[in-house]
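Inside the fold
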Amino acid sequence: MTVFTRHDDRLGEFALRPLDADADAALLHGWVTHPKAAFWLMQDADVAAVAEEYRRIAAHPHHEAYLGLWRGAPAFLAERYDPARVELVGRYDAADGDVGMHFLCAPTDTPVSGFTRAVITTVMAWLFADPAARRVVVEPDVRNTAVHALNAAVGFTVVGPIRKPEKEALLSVCTREQFLAATRGGVPA
């Protein structure tokens, strides 16, 4: 069941569907243990551990995971969470309408120019399709310079570093207005 679809003028259709922790675990295992996914912090996980992690997320009232499709095929992972209740509890100044986000593109031997930017744009458009979402909050590893550049490209501003149990993170936020300005209004207000 698709919950969101976005057409990218250059790359075509992107969509999101709810993740099935058990059915999708083997696929996700290959993604989250790939060397390019080192910042996902699951390098040593086996398929059972991946399934368990996503069952835990599915059972959480404030955290959800979705499988992203590109042209109908699995291509990325997206998570939505309430940062005041998950990930950032007590670590930042929460505001009404905050929504947390993680995303991961599937590894590939044939990179497509602009693909990752199209993915983050799709994920952000999906989050802001909810009228209650006023600001997206992210906390990537401070060393993940590639994602910092992508975040800036879609409108995020850096708040600053924060300490989390598993990493030193760079807290960044993006309002609906910042996203629309950065993407030239490519999503519904």
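Placed above this text is the structure.
These notes cover the structure that comes with them. In this text the structure is predicted, and so the values were computed from the model without any measurement.

1. Description of the packing of aromatic side chains
- This model, assessed by the stated rule, comprises 6 aromatic pairs.
- Ring centres of Phe-14 and Trp-70 lie 6.2 Å apart, and the angle between their planes is 20°; this geometry places the pair in the stacked category. Here Trp-70 lies in strand β3 (residues 63-70) and Phe-14 lies in strand β2 (residues 12-18), a separation of 56 residues in the sequence.
- Note on Phe-14: relative accessible area 0%, which makes it buried.
- Here the aromatic rings of Phe-14 and Phe-76 are separated by 6.3 Å at their centres, their planes lie at 50°, and the arrangement is tilted. Of the two residues, Phe-14 is situated in strand β2 and Phe-76 in strand β4 (residues 73-81); the sequence distance between them amounts to 62 residues. Across this residue pair, the class does not change: Phe-14 and Phe-76 are buried.
- Pairwise contacts between aromatic rings join Phe-14, Trp-70, Phe-76 and Phe-115 into one cluster.

2. Details of the pattern of salt bridges
- For the structure on display, the rule yields 14 salt bridges.
- Between Asp-22 and Arg-55 there is a salt bridge; the shortest N-O distance is 2.3 Å. With Asp-22 in the loop between β2 and α1 (25-32) and Arg-55 in helix α2 (residues 47-59), this residue pair connects regions lying 33 residues apart in the sequence.
- According to the relative accessible area criterion, Arg-55 is partly exposed, its value standing at 35%.
- Glu-166 serves as the salt-bridge partner of Lys-164, at 2.9 Å between the closest nitrogen and oxygen.

3. Side note on the nonpolar core
- Among the nonpolar cores identified, the biggest contains 32 residues, and Met-101, Phe-103, Val-123, Met-124 and Val-136 are the most heavily contacted of them.
- Secondary-structure elements contributing two or more residues to this core are β2, β3, β4, β5 (98-105), α3 (115-128), β6 (135-138) and α4 (145-153).
- No other element matches α3, which puts 10 residues into this core.
- Those residues in contact with Met-124 that sit more than four places away from it in its chain are Met-101, Val-136, Val-154, Phe-156, Cys-174 and Phe-179.
- Trp-40, Ile-57, Leu-77 and Leu-104 belong to the second-largest nonpolar core, a separate cluster that totals 19 residues.

4. Examining the layout of surface pockets
- As a volume, the largest pocket reaches approximately 1300 Å³.
- Taken together, 44 residues line the largest pocket, and the ones lying closest to its centre are Phe-39, Trp-40, Phe-103, Leu-104 and Asn-144.
- Of all the elements, β5 adds the most residues to the lining of the largest pocket, at 5 residues.
- Across the lining of the largest pocket, the residue classes break down as 26 nonpolar, 9 polar and 9 charged.

Scoring rules and cut-offs
- Residues numbered from 1 in each chain as written.
- Predicted model: local features only at pLDDT ≥ 70, side-chain atom pairs only at ≥ 80, totals over all residues.
- Heavy atoms only, no water.
- Phe/Tyr/Trp six-rings, centres within 6.5 Å; stacked < 30°, edge-to-face > 60°.
- Helix = DSSP H or I, 4+ residues; strand = E, 2+ residues; numbered from the N terminus.
- Buried < 20%, exposed > 50% of the residue type's maximum accessible area, 1.4 Å probe, protein only.
- Salt bridge = Lys/Arg side-chain N within 4 Å of Asp/Glu carboxyl O.
- Core = buried A, V, L, I, M, F, W, Y, C linked by side-chain atoms within 4.5 Å.
- Contact = heavy atoms within 4.5 Å.
- 1 Å grid on protein atoms, 1.4 Å probe; cavity = no way out; pocket = protein on both sides within 12 Å on 5 of 7 lines; lining within 4 Å.
- Points joined across faces, edges and corners; volume = space filled by probe spheres on them.
- Nonpolar A, V, L, I, M, F, W, Y, C, P; charged D, E, K, R; others polar.

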